[in-house]
Amino acid sequence: MKNKKFSLLTIFPIILVIALSIGIVANLFDSANPNSISIVLFISLIMLLTWFFTKDKSFLTENSIRIITYSTILLILLIQIIVIAYFKASVYHDPFRVFSQAELLSRNSFDWSRFTYFYRYPNNVSLAFLMSLWLRVSNIFSISTNISLNILSIILIDSFILMMLKTVRKKSKNDALFIFLTLFFLIGPFSYSYYLQVFYSDLPSMYILLLTFIVLDNWNTLNKIRRYLYGILLFFAILIGQLIKPNLVVFVVAIAIVLLFEFKNNKTLTRQIMIPLSIICIGIFAAFPVGSEIKTITHFSNNARYEMPSSNWIWMSYKPTGHGTYNGADIKKMNSLPDEKARQKYFAPHLIERIKKLGFSGVIKLWVVKAGILLDTRTIPKSYTGGFIEVPHIYAKFQDFVSILESMFYRASFVFIYMISIMTLLTSLKTKEYLNSPINILAIVLAVGYIAFHTLVWETESRYGQVLFPILIFMDTHLSLSQTIKIMNKNVIVMWSTCGLIIVSLFSFFKPLGVSIPVFLVKRQLLLQHRAANYQRNTSRNSIN
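Quick notes on the rules
- Residues numbered from 1 in each chain as written.
- Predicted model: local features only at pLDDT ≥ 70, side-chain atom pairs only at ≥ 80, totals over all residues.
- Heavy atoms only, no water.
- 1 Å grid on protein atoms, 1.4 Å probe; cavity = no way out; pocket = protein on both sides within 12 Å on 5 of 7 lines; lining within 4 Å.
- Points joined across faces, edges and corners; volume = space filled by probe spheres on them.
- Helix = DSSP H or I, 4+ residues; strand = E, 2+ residues; numbered from the N terminus.
- Salt bridge = Lys/Arg side-chain N within 4 Å of Asp/Glu carboxyl O.
- Buried < 20%, exposed > 50% of the residue type's maximum accessible area, 1.4 Å probe, protein only.
- Expected span 1.5 Å × (residues − 1).
- Contact = heavy atoms within 4.5 Å.
- Core = buried A, V, L, I, M, F, W, Y, C linked by side-chain atoms within 4.5 Å.
- Polar contact = N/O pair within 3.5 Å; in protein donor to acceptor, adjacent residues only side chain to side chain.
- pLDDT = per-residue confidence, 0-100.
- Axes fitted to C-alpha atoms, helices over the stretch in contact; angles between N-to-C directions.
- Parallel < 35°, antiparallel > 145°, perpendicular 65-115°, else oblique.
- Left-handed = near helix turned anticlockwise from the far one by under 90°.
- Nonpolar A, V, L, I, M, F, W, Y, C, P; charged D, E, K, R; others polar.

Of the pockets and cavities examined, the second largest pocket occupies roughly 620 Å³. For the second largest pocket, the lining is made up of 24 residues, of which Val83, Tyr192, Tyr395, Val402 and Glu406 are closest to its centre. Sorting the residues of the lining of the second largest pocket by element identifies helix H4 (62-86), helix H9 (175-187) and helix H20 (399-431) as the ones contributing at least two each. Ranked by residues supplied to the lining of the second largest pocket, first place goes to H20 with 6 residues.

The final tally for this structure, using the stated rule, is 6 salt bridges. Between Arg378 and Asp376 there is a salt bridge, with the nearest N and O atoms lying 2.7 Å from each other. You'll find Arg378 and Asp376 in the same group, each marked buried. A network of salt bridges, in which partner residues are shared, links Asp202, Lys245, Glu461 and Arg463.

Over its 13 residues, H9 extends 18 Å from the first C-alpha to the last, a length consistent with the 18 Å expected when each residue adds 1.5 Å. Here H9 lies mainly inside the structure; 10 of its 13 residues are buried. Of all the positions in H9, only Asp175, Ala176, Leu177, Phe178, Phe180, Leu181, Thr182, Phe184, Phe185 and Leu186 are classed as buried. The elements touched by buried residues of H9 are helix H3 (36-54), H4, helix H8 (145-172), H20 and helix H22 (468-478).

Before going further, it helps to spend a moment on the nonpolar core. Among the nonpolar cores identified, the biggest contains 161 residues, and Leu16, Leu181, Phe185, Phe190, Phe213, Phe251 and Phe469 are the most heavily contacted of them. Broken down by element, the residue count for this core peaks at 15 residues, all from H20. With sequence-adjacent residues up to four places away left out, Phe190 is seen in contact with Ile157, Phe160, Phe184, Phe185, Tyr195, Met206, Tyr410 and Phe469.

Among the structural elements, Thr477 can be located in helix H22. When its relative accessible area of 6% is taken as the criterion, Thr477 is described as buried. Remark: the alpha-carbon pair of Thr477 and Thr424, spanning 53 residues in sequence, is separated by 9.3 Å. Apart from residues lying up to four places away in sequence, Thr477 is in contact with Thr167, Val168, Lys171, Ser172 and Leu177. At 2.7 Å, the side chain of Thr477 forms a polar contact with the backbone oxygen of Ile473.

On to the confidence of the model for the protein chain. In the predicted model, the protein chain carries a mean pLDDT of 81, and the fraction of residues at 70 or more is 83%. The model gives residues 1-6 a pLDDT under 50, and that stretch makes 9 contacts with residues more than four places away or in other chains. Overall, residues 504-545 carries pLDDT values under 50, and its contacts beyond four positions in sequence, including any with other chains, amount to 112 contacts.

With that settled, the discussion passes to unusual backbone geometry. Of all residues except glycine, most have a negative phi; of all peptide bonds, most are trans. A positive phi is found at His299, a non-glycine position, where the angle reads about 60 degrees. Examined against the element boundaries, His299 turns out to sit in the loop between helix H15 (274-297) and helix H16 (311-317). On the basis of relative accessible area, His299 is assigned to the exposed category, the value being 52%. Positive phi outside glycine occurs at Tyr384, with the angle close to 60 degrees. With respect to the helices and strands, the residue Tyr384 is situated in the loop between helix H18 (340-375) and helix H19 (393-396).

With that settled, the discussion passes to the packing of H18 against helix H21 (residues 438-457). Running from N to C, H18 and H21 point in directions that differ by 130 degrees, and their axes come no closer than 8 Å. Between H18 and H21, the angle is such that the two are oblique. Note on packing geometry: the crossing formed by H18 with H21 is right-handed. Of the residues in H21, those touching H18 at Trp367, Lys370, Ala371 and Leu374 are Tyr450, Ile451, His454, Thr455, Leu456 and Val457. Partitioned by chemical class, the residues of the contact of H18 with H21 number 7 nonpolar, 2 polar and 1 charged.

Below, the structure written as structure tokens:
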């Protein structure tokens, strides 16, 4: 029975390996810029080979690590201030509506009728309310809404980076991975683009997941007083996470699966983390009554005339002519129906009709496409801005080149992360190391849960896949790769990687990357938010939109 359970548990790392392989392909190819595949592959292979030959070597002292960590944070902060001051972005769609409403709430204005957005998507009422609490504080100091949200983004981004770097160093002693993450945060767009310029639910979700796994990992080392404090922190973190991102409920399913498989096989370790696991579940379930109370406090009432049932996103994701993403035509169809009850009634027969039209092979193909979109990172830096930014005149001359470079670096970085995660999983499957800790199993199952949710059930989007970032880094940090060289043929890896580098180098030489991007003036949107004078947008086929 024990072996059977282990074999069933093995399904999760295998599924994750398959999904991450799809993610690698999705990030390598870019139809808008097909020549970039060679450069992205080249960069990612260089990262992989560098990591492979240095991962077991320690060449940094603890003092050097501290200096690098805090110097990096300070340098990132300086660049972030420059970006906020001179590279203002225009915020579109959902985030704009949310922070616009939060601004009203912070001034005790409870008018929800300006537009029908919140009637259609009431799940964002809680996010608007929580943002309004921050804005109330900033209003005391007469700080503008934009600057206030930029400050909040900086706090979350920089503390996220600090927590991740410290976790990687403390748990793995892996200098190579530490240096990679330092460079990733310092020179890549993660710290300066979407997460800095657009405050939305994605960054807090990643932050909360990283914080949760850090608490779980350190729980057994805490004394009684710290457990109380960390337990309270964990509860409120999960509560906020569920309020702003309802798909966190996947955590409950992941916990149930881990307990099902591990409670009998690893009783001692499982019991040691039962309290924080229980706190996570309580925090998630508490979000439902708290969410209702928030609606009462903010004088929000659901409107059946406009509200979309949850089933709408399932039906939308299986559109035969779509890719499982948000579809305007489907929303228009739902809007034409009189109320939520009519929309719910419409759902079941038409979903079955769509699945029948797709057929078995069509459904499998759609799942692969959705997984690829979920794990693709090309559009992340420009999410909800479309590339509309105010830039200094001198920067406009090479803005196009920088835009392409940052996109390729981001893609190559995630190709590398997916690669080492696959190697970690394959090694752990061989050694069964992941079975030694319920927390490691939880990380794997949760990652698969997020992928399955947005691949099999819900609509998908590249932003949704970013929550895997802290989970994968945690997994790579805690699952040792000391056996990798023994299990995998080192010479074979070097040979194929070298051949790959030669091929992509030749391909790059004969097919140079085009970087000509026309720039257009787009004034009105930024004027409303920043009173900006110069407005630029990358709009050619080479821009990442």
